[in-house]
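Coordinate inspection notes
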Amino acid sequence: KRKIAFEQSFLELDVAQRAPIESSAPRIVVKAAPGSGKTKILISAICLHRYNNLNDNICAITFTRAAAAEMQERLEKYGVNNVQISTIHSWARSRLLELADKHHFKITIINEDQIRAILHTVINEYIANNQKIKHINEDIAFNYIVVSKHMDVTDNFRRVLNAIERRYTEYKRN
């Protein structure tokens, strides 16, 4: 029943949506607007691969926990349960821990509160050493350094944020 449901869903895909699923290319990038069916394409590709390759390991990586949960739910709907689904952060963390164990090096993974505490220290030191600057918004610094450099800030403020990031990286290394 579940495979039949998948086959019916697969037949509903248009030519552009089927192309990446039916491709034999080793790597495929699907770029499309929100709501255009990227997750449906990915689910279809995973299901088709699983139905044809029962013993293969499959890992699906997404950006959010909500997206990972949605993928899990959709795959279960089609009877595909043995797929490792995770966020990019949890996948990277587990891979890093594996490599640390394999190659015998120590790692420390810091959480958001620890990152913010380090940034607080670094920002205060930066302000103390730069009399022209009285205040730096720590939330903006956090978002710039940890989330995305694509922020609408002045060139001068970007230089300040880059300097703070260098000090932040040095602080973590030490």
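Bear in mind that the values here come from a model prediction, so they are computed numbers and not experimental data. (Residues numbered from 1 in each chain as written. Predicted model: local features only at pLDDT ≥ 70, side-chain atom pairs only at ≥ 80, totals over all residues. Heavy atoms only, no water.)

**Let's talk about helix α4 (residues 65-77)**
- For α4, with 13 residues, the first-to-last C-alpha span of 18 Å sits near the 18 Å given by 1.5 Å per residue.
- Those residues of α4 that sit buried are Ala68, Met71 and Leu75. Looking down the long axis of α4, one finds its buried residues gathered within 60° of arc, a one-sided arrangement. Across α4 from its buried face, at more than 90 degrees, point the exposed residues Arg65, Ala66, Glu73 and Lys77.
- Just downstream of α4 lies glycine 79, where phi reads positive at about 75°. (Helix = DSSP H or I, 4+ residues; strand = E, 2+ residues; numbered from the N terminus. Expected span 1.5 Å × (residues − 1). Buried < 20%, exposed > 50% of the residue type's maximum accessible area, 1.4 Å probe, protein only. Arc of directions from axis to C-beta.)

**Thoughts on the packing of aromatic side chains**
- Using the criterion set out here, one finds three aromatic pairs in the structure.
- Taking the centre distance of 5.3 Å and the plane angle of 65° together, the rings of phenylalanine 6 and tyrosine 51 count as edge-to-face. Pair noted here: phenylalanine 6 is in helix α1 (residues 2-11) and tyrosine 51 is in helix α3 (residues 38-52), with a separation of 45 residues, a long-range link. Take phenylalanine 6 and tyrosine 51: they sit in the same class, and that class is buried.
- Between phenylalanine 6 and tyrosine 78, the aromatic rings sit 5.7 Å apart at their centres with planes inclined by 75°, giving edge-to-face as the arrangement. A residue pair is termed long-range when its members are at least 10 positions apart, and phenylalanine 6 in helix α1 and tyrosine 78 in the loop between α4 and β2 (84-87) qualify at 72 residues. Here phenylalanine 6 matches tyrosine 78 in class, with each residue buried.
- An aromatic cluster is built from Phe6, Phe10, Tyr51 and Tyr78, whose rings are joined through pairwise contacts.
- Cation over ring: arginine 116 sits above phenylalanine 142, and NZ or CZ is 3.9 Å from the ring centre. (Phe/Tyr/Trp six-rings, centres within 6.5 Å; stacked < 30°, edge-to-face > 60°. Lys NZ or Arg CZ within 6 Å of the ring centre and 35° of its normal.)

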